[in-house]
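Summary of structural features
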Amino acid sequence: MTDRFERAIAQWVGAPYVAAVSSGTAGLHLAVRLRGLGPGDEVVTTPFSFVASANAILYEGATPVFADIDPLTLNLHPAAVEAAITPRTKAILAVDIFGYPAEHAELEAIADRHGLVLIEDACEALGAEYEGRPVGSRGTVATFAFYPNKQMTTGEGGAVVLDNAEDWEVVKSLSNQGRSDSGEWLTHSRLGYNYRLDELSAALGVAQVEKLDRILESRAEAASRYGELLGGVEGLELPLADDAGHKRSWFVYVVRLAEGIGRNGVMARLAEQRIASKPYLPSIHLQPYWRERFGTKEGMFPVSEDASRRSLALPFHTRLGEDVQVRVVEALKAALA
Ligand SMILES: Cc1ncc(COP(=O)(O)O)c(C=O)c1O
C-alpha cells in the first residue's frame, strides 16, 4: 500500500518521486538531512509557521535564521530573505502557509544567486498551485503532511517529494533505519530513523487520494461561502484572494481582526455560542523554547508578530455546511458589534 500511495501522490502532484513518511515533521527532518545541513550552517526561514518547520533545522544542529513575512501573503518576504543571508547561509526553508503558495520563483532566484539549497514545507498546501503548477512539482525537495486537520489524511503521515531516484533512495533508506535497498533486512548502511508510513495509514491515503479533487472542491466552496457571508463585515480582513500566480489550497480559514479589537473577547463570545476559534498562529520566535534558547523577543519580526496578534481561525473542514457557517458568521458579527 505504501508503494501505491507514493505513486498516487506522485501522479497527483506531477512529481517524479515521492517517499511516504510517518509525519510532515519527519519529512522535513529528512529533507534537511538529505541536503546535508548541519552545525555552522544557517537556514533562512519564516517565523510565521507551525513550529515543526523551524524545529527540523534544529534537529540537525543547523541554525534557523528568521526573515519576516509579507503582510498580505503571510509567506516569507523575498527581500527579507535576501537581507538575512550571510556567508554561513546554506539554505532557505520556505513554507506555503495556510495553503497559500510562497514566492517560489523569487526564492529560487535568490537561492541560485547565492548558491543555496531550497526546501519547501508544503505541509499545509497539498493542491495549491504556483504559476499554474501544483506546489511540490518544481523540483525543490518538498514535504506534505497528512494529519487529520489537513486537506487529506492518513491519520499521522507525510510525504517527501523528490526530483531524482538517488535522493529518493536516500530518503527511503533514512526513513527505514538506514537500510540499503540490497534486500538485507539487517544491513544498515547509514544512520536512519523509523519514519516509515505504516501500511494501514498508506491504505487510507490511497483511498483519500482517489477523492482528493472532491475534497479540495468542497473546501474551496466552504471558503468561498465564508467569503460571501463575511464580505463587508467591519473590523475583519479576509484571507488573501488568489491571483494569476497563486492558487490557494484551503487548509484553514483565518481572518484578521482590525487593530484594537480584543481577540480574547471575540473568542469568548464565540465560545458562549459553542463555536470554537483559535489564535492562529503564534510566531515561532516568541515560543517559550525559542525565547529561552535564542533570546528572541517581541519586536524582532513585526509583520509576523502583527499577524500572530490579530489572526483568528474559524471552524473549517471538508464537510462544513452553509447552516453552520451562517451560525458562525452571525455569532462573529455579534461579537464584533
Ligand atoms: C507548516 C507545517 N509544517 C509542518 C507540519 C508538521 O506536520 P506533522 O504534524 O504531520 O508532523 C505542519 C502540520 O501541522 C505544518 O502546518
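Going by the structure above, here's the rest.
Keep in mind it's a predicted model, so treat the numbers as computed, not measured.

**As for the overall build of the chain**
Within the chain, the regular secondary structure consists of 12 helices and 14 strands. The C-alpha radius of gyration computed for the chain amounts to 20 Å, which stays within 12% of the reference 20 Å derived for 337 residues, consistent with globular compactness. Considered along the principal axes of its C-alpha atoms, the chain spans approximately 65 × 45 × 35 Å. By residue count, 54% of the 337 residues in the chain fall in the buried class. Across the chain, contacts joining residues at least 24 apart in sequence account for 67% of those joining residues at least 6 apart. Put simply, the chain shows about 14,700 Å² of open surface, and 52% of that area lies on carbon and sulfur atoms. Placing the 33 positive and 45 negative side-chain charges of the chain at their respective mean positions leaves the two points 5 Å apart.

**Examining the sheet that holds strand 3 (residues 63–66)**
Within the open sheet, the 7 strands sit side by side as 1-9-8-5-4-2-3. Their pairing is mixed. Both edges of this open sheet fall to strand 1 (17–21) and strand 3, since each of them pairs with a single strand only. For this sheet, the mean inter-axis angle between neighbouring strands, taken without regard to orientation, is 25 degrees. By the bridge criterion, 5 bridges tie strand 4 (residues 89–95) to strand 5 (residues 117–121) in an arrangement that is parallel.

**Examining the sheet that holds strand 7 (residues 133–134)**
Taken together, the 3 strands give an open sheet; going across it, the order is 7-6-11, and neighbouring strands pair in antiparallel fashion. Strand pairing shows two members of the sheet lacking a second neighbour, strand 7 and strand 11 (246–247), which therefore form its edges. Note: strand 6 (residues 129–130) against strand 7, 2 bridges, orientation antiparallel. Each bridged residue has a counterpart across the sheet, and for Tyr-130 the counterpart in strand 7 is Arg-133.

**Topic: the site of the ligand**
Surveying the vicinity of the ligand reveals 14 residues, the closest of which are Gly-24, Thr-25, Asp-121, Glu-124 and Lys-150. In this structure, Asp-121 approaches the ligand through a side-chain N or O atom, which is 2.6 Å from a nitrogen atom. Take Glu-124: an N or O atom from its side chain is 2.6 Å from an oxygen atom of the ligand. Within the complex, 92% of the 390 Å² of free accessible area of the ligand lies under protein. Here the shell around the ligand takes 3 residues from helix 2 (residues 24–34), the largest share from any one element. Along the lines of polarity and charge, the residues of the shell around the ligand split into 6 nonpolar, 5 polar and 3 charged.

Parameters at a glance
Residues numbered from 1 in each chain as written. Predicted model: local features only at pLDDT ≥ 70, side-chain atom pairs only at ≥ 80, totals over all residues. Heavy atoms only, no water. Helix = DSSP H or I, 4+ residues; strand = E, 2+ residues; numbered from the N terminus. Rg over C-alpha atoms; globule rule 2.2 N^0.38 Å. Buried < 20%, exposed > 50% of the residue type's maximum accessible area, 1.4 Å probe, protein only. Contact = heavy atoms within 4.5 Å. Areas by Shrake-Rupley, 256 points an atom, 1.4 Å probe, with all protein chains shown as cover. Lys, Arg positive; Asp, Glu negative; His and termini not counted. Charge placed at Lys NZ, Arg CZ, Asp CG, Glu CD. Pairing = 2+ DSSP bridges. Axes fitted to C-alpha atoms, helices over the stretch in contact; angles between N-to-C directions. Near = heavy atom within 4 Å. Polar contact = N/O pair within 3.5 Å; in protein donor to acceptor, adjacent residues only side chain to side chain. Nonpolar A, V, L, I, M, F, W, Y, C, P; charged D, E, K, R; others polar.

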